[in-house]
Amino acid sequence: MNLRIGAISVVELLVAACTACALSAAAADDLLAPEQAFRFSARLIEPGLVEVRYRIANGYYMYRDKFRFTAIPQSAGLGEARFPPGKIKDDEFFGRVETYRGELLIRLPVKSAGAFTLQAVSQGCADVGVCYIPVTQIERLVAARSSDDATKSGGDEPDLLRRLRDAPPSR
Amino acid sequence: MKRPGRIALFLVAAVSALAAGYGLHSWNSATAPVSGGAEQLMAATLPDMEGNFQALAQWRGKVIVVNFWATWCPPCLKEIPEFVRMQEKLGPHGLQFVGIAIDNRDKVREFAAKFRINYPILIGEMEGIELVRRVGNDRGGLPFTVIVDRKGRLIGTELGGLNEQKLTAIVAPAL
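So, a few notes on the structure that sits alongside this text. (Residues numbered from 1 in each chain as written. Chains lettered and ligands numbered in written order. Predicted model: local features only at pLDDT ≥ 70, side-chain atom pairs only at ≥ 80, totals over all residues. Heavy atoms only, no water.)

Residues and elements named next belong to chain B. Of the residues making up helix H5 (residues 125-134), those classed as buried are Gly128, Ile129, Leu131 and Val132. The arc that holds the buried residues of H5, viewed along the axis, is 160 degrees, so those residues lie on one side. In the core, the buried residues of H5 are packed alongside helix H2 (37-42), strand S1 (45-47), strand S3 (63-69), strand S4 (95-101) and strand S7 (144-148). Just past H5, the residue Gly136 takes up positive phi, approximately 115 degrees. (Buried < 20%, exposed > 50% of the residue type's maximum accessible area, 1.4 Å probe, protein only. Helix = DSSP H or I, 4+ residues; strand = E, 2+ residues; numbered from the N terminus. Arc of directions from axis to C-beta. Contact = heavy atoms within 4.5 Å.)

The structure is reproduced here in structure tokens:
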């Protein structure tokens, strides 16, 4: 069968059409929900030390200076967050900014020996040119007596429940 | 056919396909407009940069481009100079931009001055976030632009960056 239309092969037409479909696939229509783009979890990895993990979807990134962590109650005594080095980029509006992609592990010292709720505010964007309104995600953490079973209490909580609890940040 | 001709034809095909894709994209729009979204938007009242409450309904009768933005959102800042130009050019023909900033007032003021924004800016904060969702942007992505015609009907929504050409194509038939 002759698959040529004039001088352009069907393959070329398909390639051309797919340039369009690839672009529209990358467009904002397919934007992930923020809690899927920036999957959050937190656990106590040893007494007095929380590890916060974000699994950042491909094509998305987070800003270092937008993270805010608070403990409820405040008396849980959250220390200063320790971030790994990110990627420095020169933003035309903000100058030098540090961003993260892929997996991000942040460590937070905590004084509490009991249970507390960690509230994490974060903000990120998609490469397609959309930025998310800051998202607040929470995790209930329980400091166990022995470091061996120090764990989070909300581990079995269905994702949906957590998503329902996720609320826009207070300012 | 010689090679340059084939390349030219290929380019034409690619551009047409792109245009078709773009057309579909515009009409299928970035977000599913919620029925009644335009009414809810037009019924909103938010404070301006001076703290005075402004009802969006005051611009009824014009073609209104409501742009949700924030100073922490680089793609939002990128499109604002084009909006400023379009407001100047098409304002006399009945086009009215209204910016709703999901941000705090001091930062917004600073940027509005820096960008010489020539259209009203309202401060959204929490209520603005609610409004963004009610108009059908459940992902909470910015920039997000909603275009309403002279009769208050929704004629377009766009999640992500807009440019003058793209926006003119949406507003021109309504002006």
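Now that the structure has been shown, we can carry on.
What follows deals with the pattern of salt bridges. Residues and elements named next belong to chain A. Evaluation of the coordinates by the stated rule reveals 11 salt bridges over all chains. For the salt bridge of Arg107 with Glu51, the shortest nitrogen-to-oxygen distance reads 3.5 Å. With a gap of 56 residues between them, Arg107 in strand S9 (residues 103-109) and Glu51 in strand S4 (residues 49-56) connect regions that are remote in the sequence. Relative accessible area serves as the criterion here: at 10%, Glu51 is assigned to the buried category. The salt bridge partner of Arg101 is Asp127, with a shortest N-O separation of 2.9 Å. Linking Arg101 in the loop between strand S8 (95-100) and S9 with Asp127 in the loop between strand S11 (124-126) and strand S12 (130-132), this pair joins segments that are 26 residues apart in sequence. Residue Asp127 is classed as partly exposed on the basis of its relative accessible area, which comes to 46%. One network of salt bridges, in which partners are shared, links Arg43, Glu51 and Arg107. (Salt bridge = Lys/Arg side-chain N within 4 Å of Asp/Glu carboxyl O.)

All names here are of chain A. Within this structure, the stated rule accounts for 2 disulfides over all chains. Across a sulfur-sulfur distance of 2.1 Å, Cys125 and Cys131 are joined as a disulfide pair. In this structure the cystine formed by Cys125 and Cys131 twists about its S-S bond by roughly 95 degrees; its chirality is therefore right-handed. What makes Cys125 buried here is its relative accessible area of 0%. Overall, the relative accessible area of 0% leaves Cys131 in the buried class. (Disulfide = S-S within 2.5 Å.)

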